[in-house]
Amino acid sequence: MTLFLQSLISGILIGGVYALIGIGLTIIFGVMRVINFAHGDIMMVGMYMTYFLFTLFGIDPFVSVLVTIPLMFVFGAILQKLFINRILGALPQNQILLTIGLGLIMSNSMMLAFTSDYKILTTSYSSSSYRLAGLSVSKPLAISFLITVVITAALYRFLMKTDTGQAIRATAQDREAAQLMGINVKWMSILAFGIGASMAGTAGALISPTYYIFPQVGSAFTLKAFVITVLGGMGSIVGATLGGVIIGVVESMGAAYISSDWKDVVVFAIFLLVLLVKPSGLMGTSRT
Amino acid sequence: MKKIALAALALTLAVPGVSLAAKVKIGFINTITGAEAPIGENLTNGVTMALEDLKKKGIDVELIKEDDTGKPEKSLSAFEKLATRDNVAGVVGPYTSACANAVASQADRYKVPQVIPAAAKEEITRKGYKYVFRLNAPADVYSSVLMDAIMTVDKPKTIAYVYANTDFGISTVKTAKEYARKLGIREVADEKYLKGAPDFRSTLTKIKTLKPDLVFMVSYEVDAITLMRQSREIRLTPKAFLGAGAGFTTAQFLAQKMISNLVFSSTQWTEDVNWPGARNFYNRYKAKFGKEPSYHAACAYEAMIIMAETAAKNGGNREKTRAGLKSGQWNGIMGEVKFSDYAGYTNQNNHPMLVQQVQNGRYETVYPAKFATKNPIYPFKW
């Protein structure tokens, strides 16, 4: 029983961070229909930002999200303005090439600037935990989960309640119709990519105290983000949140009850099952 | 007087191999980019220092570096290029087991002598390849030396294995299991993990419920830190944590004081071992590169020295170089080196591995007794 509860808690907590990565990707896809293969690399940039804010200025990784979010927003917006906006109408493979290329440029520039050394962020709570009735709840994961919840809730509110949020959603639903209604879709795209990038950067910041940082760290997370997003339904924020938590829990349970090298098999089996039953993903609506 | 000097000079120039101007072409396959790059950098630096020292001895090496990014197929094409297009006298590398294993199969085909500095997979020198030489101890020693060290202080009953799902991890644990069985230690868990995974908590919790005496881990680089951090989080407390190789022997691991204390690890080399020049190598490396060398750096250094000296002595002739490696004997920063055939191995240096333990923020050599600087501290506590 302890094992079950322990795995469940760990799974949900790590799933929170996964969700954040997935949400960023899903917003970008929703608004622009561009699959951002540089997503993990953007996350990596956020990780380096966190690392240097911590080592140079002594800002705690969890506090540094206050700096990371706006900076990464600007970074994402610039990427969108300079590059992505130009290929919105292009063939999908060209869009994929562009984002992969941007990702490669990011990871290799980081390698040139900071070498390929692993950077490890050590905080006083990096390996500590809360104890609850025989269970241990990782302190850094618990805090990052709370931050994820706050950010997701705020983002959801922004998209649902504000005019700008509605404009973003309108653009996501039908770009041309939105444009005809007088929405500046180019601006919405910049906003969406900015939000996506800041979500990825935040996820990077939140995972930094327990993980490690190196220029190639992104690719693994790009794949994960992609699976989460497809599982939840491309473009759906609730779907990505759900997808993230499901993947977190399945990984954790798979490792506990089957074996750690089979956990990805379990993840992908469930992934395929969901797609078989519901090809548009858990919360997705099918589009043509 | 002048005449004699001139005659001496002419003589040295005339005799191939002793010539001062000998320039020998050596290939070096390493992981310069990719996930293994941080360890690859240690090998690169080790080789850089070797070239300096060789130059002082009058051996001028034309080094051709190839990056395999840690992928066997790239390693193979790099090796083919070195063998056919660059016409090197010999090859040092590659670093990882998977790459070295792939390349070893081609060394005999192209008849190019190869010195493997730090790859541990046993098969590499078990297939009877004539042109493949290995300096470091193979994977079975990583585990046996650790258990031998523990057996000097206790009789543990159970063991759990947690290891990276890589060639190195799998082959190390396979032999660890055989050795543990021989010692009568029962296996309670066998957990492979995907390299770079961010979350091991449920795996570790599962192991905690099984209460093993020993937890045996094989990890590259920073996975070791993630594993130990999460072990501390859930308070997994065996009598000893045994770390075989790579990730448990780095300066970065050592710097994580909260989680590295009292962890045992096996290593090919330490700076405090009494092999000639080991301490000096450490000091020079640190001064030159601003960081501490891992054992890989020492392995690569010695491998390059051995390969270049032998190749230079034989005028870059591949066949003679192979014979020279086979019959030669060296004594440098890796202790005594001789490539011999034993226990199913061919051209394998029977290198004595060391066990070190983190004590008060330092790696201390604790086993074998003749190389030890401190006694092991046992059992483990957080």
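Residues numbered from 1 in each chain as written. Chains lettered and ligands numbered in written order. Predicted model: local features only at pLDDT ≥ 70, side-chain atom pairs only at ≥ 80, totals over all residues.

Colleague: Help me understand the overall build of chain A in this model?
Modeller: When helices and strands are tallied, chain A shows 11 helices and 2 strands. Counting helices and strands in the order they occur from the N terminus, chain A gives α-α-α-α-β-β-α-α-α-α-α-α-α. At 19 Å, chain A has a C-alpha radius of gyration in line with the 19 Å of a compact globule built from 288 residues. Its C-alpha atoms give chain A principal-axis dimensions of about 60 × 50 × 35 Å. The buried share of chain A, reckoned over its 288 residues, is 53%. Within chain A, contacts between residues separated by at least 24 positions form 78% of all contacts whose residues are at least 6 apart in sequence. (Helix = DSSP H or I, 4+ residues; strand = E, 2+ residues; numbered from the N terminus. Rg over C-alpha atoms; globule rule 2.2 N^0.38 Å. Buried ≥ 20, exposed ≤ 12 C-beta atoms within 10 Å, placed from the backbone. Contact = placed C-beta atoms within 7 Å.)

Colleague: Sorry, what's going on with the interface of chain B and chain A here?
Modeller: If you look at the interface, chain B gives 32 residues, while chain A gives 31 residues. Where the side of chain B that touches chain A is concerned, the elements lending two or more residues are α2 (37-56), β7 (186-193), α7 (201-210), α8 (223-233) and α10 (257-260) of chain B. Examining the composition of the side of chain B that touches chain A, we find that 6 residues originate from one element, α7(B), more than from any other. In terms of residue class, the side of chain B that touches chain A is made up of 11 nonpolar, 11 polar and 10 charged. (Nonpolar A, V, L, I, M, F, W, Y, C, P; charged D, E, K, R; others polar.)

Colleague: Honestly, unusual backbone geometry in this entry has me stumped. Any pointers?
Modeller: Note: most residues except glycine have negative phi, and most peptide bonds are trans. Residues and elements named next belong to chain B. Of note, the amide linkage connecting glycine 93 to proline 94 takes the cis form, showing an omega dihedral of -10°. Secondary-structure assignment places proline 94 in the loop between β3 (90-92) and α4 (97-110). For the bond running from tyrosine 378 to proline 379, omega is -5°, close enough to zero to count as cis. Along the chain, proline 379 falls in the segment after β16 (362-367). The backbone phi angle of lysine 211 is positive, close to 45°, even though this residue is not glycine. Tracing the sequence through the fold places lysine 211 in the loop between α7 and β8 (214-218). We classify lysine 211 as exposed; it has 12 C-beta atoms within 10 Å. Positive phi, normally seen in glycine, also occurs at alanine 343, with a value near 40°.

Colleague: Quick question: what am I supposed to make of helix α1 (residues 2-32) of chain A here?
Modeller: Spacing of three or four residues puts side chains on the same side of an α-helix, whose turn is 3.6 residues. Residue and element names in this part refer to chain A. Taking 1.5 Å per residue, 31 residues should reach 45 Å; α1 reaches 45 Å between its end C-alpha atoms and fits that length. At glycine 16, α1 is deflected by roughly 25°, the largest bend along its length. Of all 31 residues making up α1, 25 are buried, and the element is well covered by its neighbours. Remark: arginine 33 follows α1 within two positions and exhibits a positive phi of approximately 60°. (Expected span 1.5 Å × (residues − 1). Bend = angle between axes of the 7 residues up to and from the residue.)

Colleague: Would you mind showing me how to read the domain arrangement of chain B here?
Modeller: How large an interface is tends to be reported as the accessible area lost when its parts come together. Residues and elements named next belong to chain B. According to the domain assignment, chain B contains domain 1 (2-137 + 275-349) and domain 2 (140-267 + 354-371). Here the C-alpha centroids of domain 1 and domain 2 sit 30 Å apart. If you look at the interface, domain 1 gives 15 residues, while domain 2 gives 16 residues. Contributing elements (two or more residues each) for the side of domain 1 that touches domain 2: α2 and α4. The element best represented in the side of domain 1 that touches domain 2 is α4, accounting for 3 residues. For the side of domain 1 that touches domain 2, the per-class residue count stands at 7 nonpolar, 3 polar and 5 charged. (Domains from an automatic or database assignment.)

Colleague: Any chance you could explain the pairing of strand β1 (residues 129-132) of chain A here in plain terms?
Modeller: The side chains of a regular strand alternate between the sheet's two faces. Two elements, β1(A) and strand β2 (residues 135-138) of chain A, share 4 bridges in a ladder whose sense is antiparallel. Opposite Leu132(A), over in β2(A), you have Leu135(A) as the bridge partner. (Pairing = 2+ DSSP bridges.)

Colleague: Is there a simple way to explain the sheet that holds strand β6 (residues 158-164) of chain B in this structure?
Modeller: Sheet strands pair via backbone hydrogen bonds, and the direction of the pair is either parallel or antiparallel. All names here are of chain B. Read across the open sheet, the 7 strands follow the order β7-β6-β8-β9-β10-β15-β16; overall the sheet is mixed. Looking at the sheet topology across the chains shown, the edges are occupied by β7 and β16. Across the sheet, the mean angle separating the axes of adjacent strands is 25° when strand polarity is ignored. For strand β15 (residues 354-359) and β16, the ladder comprises 5 bridges, and the chain directions are antiparallel. The residue of β16 that forms the bridge with valine 358 is tyrosine 363. (Axes fitted to C-alpha atoms, helices over the stretch in contact; angles between N-to-C directions.)

Colleague: What is the right way to look at helix α11 (residues 278-289) of chain B in this model?
Modeller: Compared with an ideal rise of 1.5 Å per residue, which puts 12 residues at 16 Å, α11(B) spans 16 Å between its outermost C-alpha atoms and is within 8% of the ideal. Positive backbone phi, at 70°, marks Gly290(B), one or two positions downstream of α11(B).

Colleague: What exactly am I supposed to notice about the pairing of β6(B) here?
Modeller: Residues and elements named next belong to chain B. Counted residue by residue, β6 has 6 buried out of 7 residues, so it is predominantly covered. Inspection of the sheet shows β6 paired to β7 by 7 bridges, in the parallel sense. Residue pairing in the sheet places alanine 164 in a bridge with tyrosine 193 of β7. Taken together, β6, helix α6 (residues 167-183) and β7 constitute a β-α-β crossover, and its handedness is right-handed. (Right-handed = clockwise from strand over helix to strand, strands pointing away.)

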